[in-house]
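Close look at the chain arrangement
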Amino acid sequence: MAKETTLAGGYHEGSVDVVLSVDDVARQAEELRSEIPESNLIALAGNEPFLSIRNLRAGYGNMEILHDFTLHVARAQSLCLIGPNGAGKSTILHSVYGFTRIYGGEITVGQGSDKRNITHLTSDRKLKEARVAYILQDKSVFPNMTVEENLLMGGYLLHSHAKAKAAAERVFDKYDRLAARRHHAAKVLSGGERRLLEISRALVMEPDVLLVDEPSIGLEPRFIDMVFEILHDLQHREGKTILMVEQNAKKGLEFADLGYVLVSGQLALAGKGDDLLQNANVSANGGAGRAASPSGRITMAPGTRTHSGGGGNTHPAPSGGNKPARLAAGAGRIGPHAARHRQPAAR
């Protein structure tokens, strides 16, 4: 008898197939897991990574979400993380910034003699010393503070009001839209203006790395374009390294130099953003807000795994078995490192 499935609401819109058996989800995730040589990931970063994650195992409490995850991105390069809900995308950003429990692996920033292991630094030291800033999801402004006061909060680690004030003025010089509203309460700003304020507040500390968590979430289309134009300017004019999670997979891959597809805390596919958009194994359903087939699933070709080849192209690699490797969006994974803890999925 065919296994029953039930329909549930997807992320923002659409629907997904939810597999009822946790054991089946784990099995399908194992089928989808790819073995991507780290040398390929380094090559995608131009053989000069600036932000590197190696064999990271991380999660929350006793819940391990990321399983031996590796990532490399160069200075002034952008990388977008996509995948179904529960894949662990935001957990990667949380781990870089110090919001998770690290069980193993390392995170480094910099190159050559300036390379630094930041795995276990506190978040404030990562911001102040390693120059890594986190741009949170929607509604992270202080609504009753003015635009200027919100910017000054971004410089709280400067320990000098004069330095924070000077940094805020540099932001106002850059963005006339904020300057015109410097004395307005943040709660009266439009959605696009609030997102601009959130990005600008992170710039006060002059970071080298920006961790951007779902920049388009909750925005009207016209503001989405504005936000991605701002991020493009920060990358290409100011040399910022951008590691992004984006619920609009199509928009994220169009923007980013590189794309990584995650499934259940592991890397399933990596390549240049443009190549992933054209890859038959990845249907970037931007309207549904995830890398998915029209049914709401990431579906790999039957009997194949995929990995990034030389030069950033994506192509299939041999895999055991002949069954399609499919994982329902929003379902968690109980993998070999986490078998002791049957846990809810992390976004």
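Please read these numbers as outputs of a predicted model, since none were measured by experiment.

Scoring rules and cut-offs
Residues numbered from 1 in each chain as written. Predicted model: local features only at pLDDT ≥ 70, side-chain atom pairs only at ≥ 80, totals over all residues. Heavy atoms only, no water. pLDDT = per-residue confidence, 0-100. Contact = heavy atoms within 4.5 Å. 1 Å grid on protein atoms, 1.4 Å probe; cavity = no way out; pocket = protein on both sides within 12 Å on 5 of 7 lines; lining within 4 Å. Points joined across faces, edges and corners; volume = space filled by probe spheres on them. Helix = DSSP H or I, 4+ residues; strand = E, 2+ residues; numbered from the N terminus. Nonpolar A, V, L, I, M, F, W, Y, C, P; charged D, E, K, R; others polar. Salt bridge = Lys/Arg side-chain N within 4 Å of Asp/Glu carboxyl O. Buried < 20%, exposed > 50% of the residue type's maximum accessible area, 1.4 Å probe, protein only. Pairing = 2+ DSSP bridges.

Here the focus is the confidence of the model for the protein. Confidence along the protein averages 79 in pLDDT terms, with 71% of residues attaining 70 or more. Of the regions scoring below 50 in pLDDT, residues 3-22 engages in 49 contacts with residues more than four places distant in sequence or in other chains.

A separate point is the layout of surface pockets. For the largest pocket, the calculated volume is near 380 Å³. Considering the residues around the largest pocket, the lining is formed by 19 residues, among which Tyr 97, Leu 127, Tyr 134, Tyr 156 and Arg 201 are closest to the centre. Broken down by secondary-structure element, the contributors of at least two residues to the lining of the largest pocket are α4 (123-128), β8 (132-135) and α8 (191-203). Here the lining of the largest pocket is built from residues that sort into 13 nonpolar, three polar and three charged.

Turning our eyes to something else, we now look at the pattern of salt bridges. Scanning all chains against the criterion turns up 17 salt bridges. A salt bridge links Glu 254 to Lys 250, with the shortest nitrogen-to-oxygen separation between them at 2.4 Å. One end of the pair is Glu 254 and the other is Lys 250, both in helix α10 (residues 249-255) and four residues apart, which spans about a single turn. Judged by its relative accessible area of 40%, Glu 254 is partly exposed. Here Lys 250 falls in the partly exposed class, since its relative accessible area comes to 39%. A cluster of three or more residues bridged by salt bridges with shared partners is formed by Glu 148, Lys 165, Glu 169 and Arg 182.

Take the pairing of strand β11 (residues 258-263) next. Burial of β11 is extensive: six of the six residues sit out of reach of the surface. The alternating pattern of β11 places Leu 258, Tyr 260 and Leu 262 on one face and Gly 259, Val 261 and Val 263 on the opposite face, and all of these are buried. In terms of strand pairing, strand β5 (residues 78-82) meets β11 through four bridges, oriented parallel. By the bridge assignment for β11, Cys 80 is matched with Gly 259. The pairing of β11 with strand β12 (residues 266-272) spans six bridges and is antiparallel.

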